[in-house]
Structures are given as structure tokens and as C-alpha cells.
Amino acid sequence: GALFGCIDPALTIAASMSARSPFVSPFDKRDEADAAKKEFATESSDHLTTLHAFNQWKDIRRKKGDRSVQSFLRDSFLSRLTLFQMEDLRKQFADLLKDIGFLPRSFRIDRGGGGRGVKDGQNQDAGSVDAANAYSDNMQLIKGILCAGLYPNIIVAPRSLVTGAESD
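Residues numbered from 1 in each chain as written. Predicted model: local features only at pLDDT ≥ 70, side-chain atom pairs only at ≥ 80, totals over all residues. Heavy atoms only, no water.

Caption draft 1: Representation of the packing of aromatic side chains. The final tally for this structure, using the stated rule, is four aromatic pairs. Ring centres of F23 and F40 lie 5.9 Å apart, and the angle between their planes is 55 degrees; on these two criteria the pair is classed as tilted. Placement of the pair is F23 in the loop between α1 (7-18) and α2 (30-38) and F40 in the loop between α2 and α3 (46-63), with a sequence separation of 17 residues. The class of F23 is buried, set by a relative accessible area of 13%. Judged by its relative accessible area of 3%, F40 is buried. Geometrically, the ring pair formed by W57 and F84 is edge-to-face, given 5.1 Å between the ring centres and 90 degrees between the ring planes. Residue W57 is found in helix α3, and its partner F84 is found in helix α5 (residues 80-99); the two are separated by 27 residues along the sequence. Given the relative accessible area of 27%, F84 is considered partly exposed. The rings of F23, F40 and F72 are connected pair by pair, giving a single aromatic cluster. Directly above the ring of W57 sits R61, whose terminal nitrogen or CZ lies 4.6 Å from the centroid. (Phe/Tyr/Trp six-rings, centres within 6.5 Å; stacked < 30°, edge-to-face > 60°. Helix = DSSP H or I, 4+ residues; strand = E, 2+ residues; numbered from the N terminus. Buried < 20%, exposed > 50% of the residue type's maximum accessible area, 1.4 Å probe, protein only. Lys NZ or Arg CZ within 6 Å of the ring centre and 35° of its normal.)

Caption draft 2: Examining the pattern of salt bridges more closely. Per the stated rule, a full pass over the model turns up eight salt bridges. The partner of D8 in a salt bridge is R90, with the nearest N and O atoms 2.8 Å apart. Of the two residues, D8 is situated in helix α1 and R90 in helix α5; the sequence distance between them amounts to 82 residues. The buried category is assigned to D8, whose relative accessible area is 6%. For R90, a relative accessible area of 1% translates into the label buried. (Salt bridge = Lys/Arg side-chain N within 4 Å of Asp/Glu carboxyl O.)

So, to be careful, I would describe these as geometric facts and stop short of saying anything about function.
Spelled out as C-alpha cells, the structure:
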């Protein structure tokens, strides 16, 4: 992700692979929980679905109050604890990438909303920090990096299974 300018999604996906799923499924509300998870479904990918849910949580935290966040978590069947664990893991991974030179020392993860910001607006490496997330919204690139990172441990599901259509 750092080399391809999409560090924020790469950190989130790596964190999601190191933590439990943020989606909770209470026994008595399993159908509701499944429906809520489908609202985040992205490209038939569990990793991208988790990325989408995490990003929405970050946005609500940044733009709205705690009440909105609590309501979002409850309605979306998301674990607050797991999302905070993922946030902490993202910071640890970013620090490791800074230590080995893949990210500039000035890179900071904005705890409320991603890795695009820098602390206090002070940054001598602003161009390299911006470059770390220049393509964070490019879903095709993120999918390509995810596939390359997981190869050979990937599976391609038959189109009929993904779309629910009957095969001929």
C-alpha cells in the first residue's frame, strides 16, 4: 500500500486480518446482522466489506457525536472494541513502516479519520505524506494489491455462486 499510494486501506485491511471480525451476529438477531453486513458488501470481498464498514465508522466518528456512533454500531452490528483494536493495529503497522523507511517519519494516522492528515498541520514532507494516500480511493488498485498480497491463498468463486444465478 505504501508503494502504491494507498496506505490507509492497506493498513485497515492488514489490521482486519490481524483482529477478529468487527461484525457481530447475536444468536437471536442473526438475520438482522446478516442484512446489516450486506449493507457494507463491496465487490463480494470480506476484506473490502470490512474496509467499507471501518471507513464509515471513522467518518461518523469524525463528523458526528458519540450518540451517532453508538447508534451506527448498534444498527450495523459492529463491535466497538474490535474497531478500536483495528485502529490501534493500524497505528502499530504504520510505525513499523516508518521504521523501515516505507513511510515518511512525519506520517501520522488521524485517529478520527484515516491517514491523510498530519499532526498540527506541520509537515516538511507534505508531498510524501500526501503521496502515501494519493490513490486510496482507487478500488481497482486496492483489489489488485490485495490479490497480490494474498496470492496464492485466493479463491475465485464461480460467477453463479456470487450472483446467485443458476448455472447452465
